[in-house]
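In case you want the letters, here they are:
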Amino acid sequence: GAVVSQHPSWVICKSGTSVKIECRSLDFQATTMFWYRQFPKQSLMLMATSNEGSKATYEQGVEKDKFLINHASLTLSTLTVTSAHPEDSSFYICSAYMTGKTEAFFGQGTRLTVV
Amino acid sequence: DAKTTQPPSMDCAEGRAANLPCNHSTISGNEYVYWYRQIHSQGPQYIIHGLKNNETNEMASLIITEDRKSSTLILPHATLRDTAVYYCIVRNGRNQGGKLIFGQGTELSVKP
């Protein structure tokens, strides 16, 4: 099956700093990737749609200047949390579709802790 | 995409069948039923999907009622590793690449 990999799996950063999370499709190309955020005991919340070669589309209420998304190639999308604060601590998950498939493939997630 | 309703939690004995229900009474004709699961601290995993016929794969079976207003995911012989949150999502299956909106899902606990 298709593999989507995130890096890092977990990260701790200081308040006020920025942190970058990578999402790679390892064995297929993805023109579109999706970023989700999940707080403890809650469901996944879609943050944005990442489009290769163009600007990301953000869901209502998600600050595009705080969560910078870059989709520079067909196999890599990055999410940068800028000026992170403790309330940004969460589990961040990406997903992508493989051509010919209608089911989404998800990364293993990145646990961000801001101290 | 149509909304889905699932029980918040269920228990199942190891080795027995786990039957997870999902209500999607507002489903439209071109919408498919997808099931994903999320094991603790991992990304979601695709299980199965269907339109109107029952489907089976190596992981599970999907039973969709004739009126398509509800469905049941069946794990025939649940193991402890099947403990997870199971999400039922309805979306246009022909719309490849569309975003997924997750509800609260059903937290399945498989007990020894």
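About the thresholds
Residues numbered from 1 in each chain as written. Chains lettered and ligands numbered in written order. Predicted model: local features only at pLDDT ≥ 70, side-chain atom pairs only at ≥ 80, totals over all residues. Heavy atoms only, no water. Disulfide = S-S within 2.5 Å. Helix = DSSP H or I, 4+ residues; strand = E, 2+ residues; numbered from the N terminus. Buried < 20%, exposed > 50% of the residue type's maximum accessible area, 1.4 Å probe, protein only. Contact = heavy atoms within 4.5 Å. Buried area = accessible area lost by both parts, 1.4 Å probe. Salt bridge = Lys/Arg side-chain N within 4 Å of Asp/Glu carboxyl O. Polar contact = N/O pair within 3.5 Å; in protein donor to acceptor, adjacent residues only side chain to side chain. Nonpolar A, V, L, I, M, F, W, Y, C, P; charged D, E, K, R; others polar. Patch = residues over 30% accessible without salt bridge, like charges linked within 9 Å, V, L, I, M, F, W, Y side chains within 5 Å. Areas by Shrake-Rupley, 256 points an atom, 1.4 Å probe, with all protein chains shown as cover. Core = buried A, V, L, I, M, F, W, Y, C linked by side-chain atoms within 4.5 Å. Pairing = 2+ DSSP bridges. Phe/Tyr/Trp six-rings, centres within 6.5 Å; stacked < 30°, edge-to-face > 60°.

## Digging into the state of the cysteines
Working step 1: Within the structure shown, the criterion is met by two disulfides over all chains.
Working step 2: In this model, C23 of chain A is linked to C94 of chain A through a disulfide, with the two sulfur atoms separated by 2.0 Å. Across the S-S bond linking C23 of chain A and C94 of chain A, the dihedral sits near 80°, which makes this disulfide right-handed. With a gap of 71 residues between them, C23 of chain A in strand 3 (residues 19-25) and C94 of chain A in strand 9 (residues 90-97) connect regions that are remote in the sequence. As far as the burial class goes, C23 of chain A and C94 of chain A line up, both buried.
Working step 3: With a sulfur-sulfur separation of 2.1 Å, C22 of chain B is cross-linked through a disulfide to C88 of chain B. Between C22 of chain B and C88 of chain B, the S-S dihedral sits near -80°, and the bridge is therefore left-handed. One end of the pair, C22 of chain B, is in strand 2 (residues 18-23); the other, C88 of chain B, is in strand 8 (residues 84-92), and 66 residues separate them in sequence.
Working step 4: For the unlinked cysteine C13 of chain A, the closest cysteine sulfur is that of C94 of chain A, found at 18 Å.
Working step 5: As a non-bridged cysteine, C12 of chain B has C22 of chain B as the owner of its nearest cysteine sulfur, 18 Å distant.
Working step 6: Exposure remark for C12 of chain B: the relative accessible area of 10% places this residue in the buried category.

## Topic: the interface of chain A and chain B
Working step 1: With 21 residues of chain A in contact, the opposing surface of chain B contributes 21 residues.
Working step 2: Both faces combined, the contact of chain A with chain B buries some 1600 Å², and carbon together with sulfur accounts for 51% of it.
Working step 3: Linking chain A to chain B there are one salt bridge.
Working step 4: Between K99 of chain B and E59 of chain A there is a salt bridge, with the nearest N and O atoms lying 3.1 Å from each other.
Working step 5: Inspection of the region where chain A meets chain B yields eight residue pairs in polar contact (both at pLDDT 80 or more).
Working step 6: Those elements that provide at least two residues to the side of chain A that touches chain B are strand 4 (32-38), strand 9 and strand 10 (104-106) of chain A.
Working step 7: Here the side of chain A that touches chain B is composed, by residue class, of 10 nonpolar, seven polar and four charged.

## A closer look at a nonpolar patch on the surface
Working step 1: Together, W10, I12 and V115 of chain A give the surface a local cluster of nonpolar side chains, amounting to about 380 Å² of exposed area.
Working step 2: Here W10 of chain A is to be found in strand 2 (residues 10-13).

## Notes on the nonpolar core
Working step 1: In terms of nonpolar packing, the biggest core is built from 26 residues, with V4, W35, F67, L79, Y92 and L112 of chain A touching the most fellow members.
Working step 2: Elements supplying a minimum of two residues to this core: strand 2, strand 3, strand 4, strand 5 (45-51), strand 7 (67-73), strand 8 (76-81), strand 9 and strand 11 (110-114) of chain A.
Working step 3: In this view, L79 of chain A contacts V19, K20, I21, W35, F67, L68, I69 and Y92 of chain A; residues no more than four positions away in its chain are not counted.
Working step 4: Membership of the second largest hydrophobic core comes to 22 residues, among which are C22, L75, V90 and L108 of chain B.

## Details of the pairing of strand 6 (residues 61-64) of chain B
All names here are of chain B.
Working step 1: The pairing of strand 5 (residues 55-56) with strand 6 spans two bridges and is antiparallel. For E55, the partnering residue across the bridge sits in strand 6 and is L62.
Working step 2: Once strand 6 ends, the chain turns through five residues before running back antiparallel as strand 7 (residues 70-75), passing R68 with a positive phi of about 65°.

## Thoughts on the packing of aromatic side chains
Working step 1: Within this structure, the stated rule accounts for 11 aromatic pairs over all chains.
Working step 2: Here the aromatic rings of Y36 of chain A and F106 of chain A are separated by 5.9 Å at their centres, their planes lie at 45°, and the arrangement is tilted. Of this pair, Y36 of chain A sits in strand 4 while F106 of chain A sits in strand 10, and the two are 70 residues apart along the sequence.
Working step 3: Classification of F106 of chain A as buried rests on a relative accessible area of 10%.
Working step 4: Taking 5.9 Å as the distance between ring centres and 75° as the angle between the ring planes, the aromatic pair formed by F106 of chain A and F102 of chain B counts as edge-to-face.

## Digging into the environment of P7 of chain B
All names here are of chain B.
Working step 1: Tracing the chain through its elements places P7 in the segment before strand 1 (9-13).
Working step 2: Look at P7 and you get partly exposed, because its relative accessible area is 25%.
Working step 3: Remark: the alpha-carbon pair of P7 and N92, spanning 85 residues in sequence, is separated by 23 Å.
Working step 4: Setting aside residues up to four positions removed in sequence, P7 forms contacts with P21, G105 and T106.

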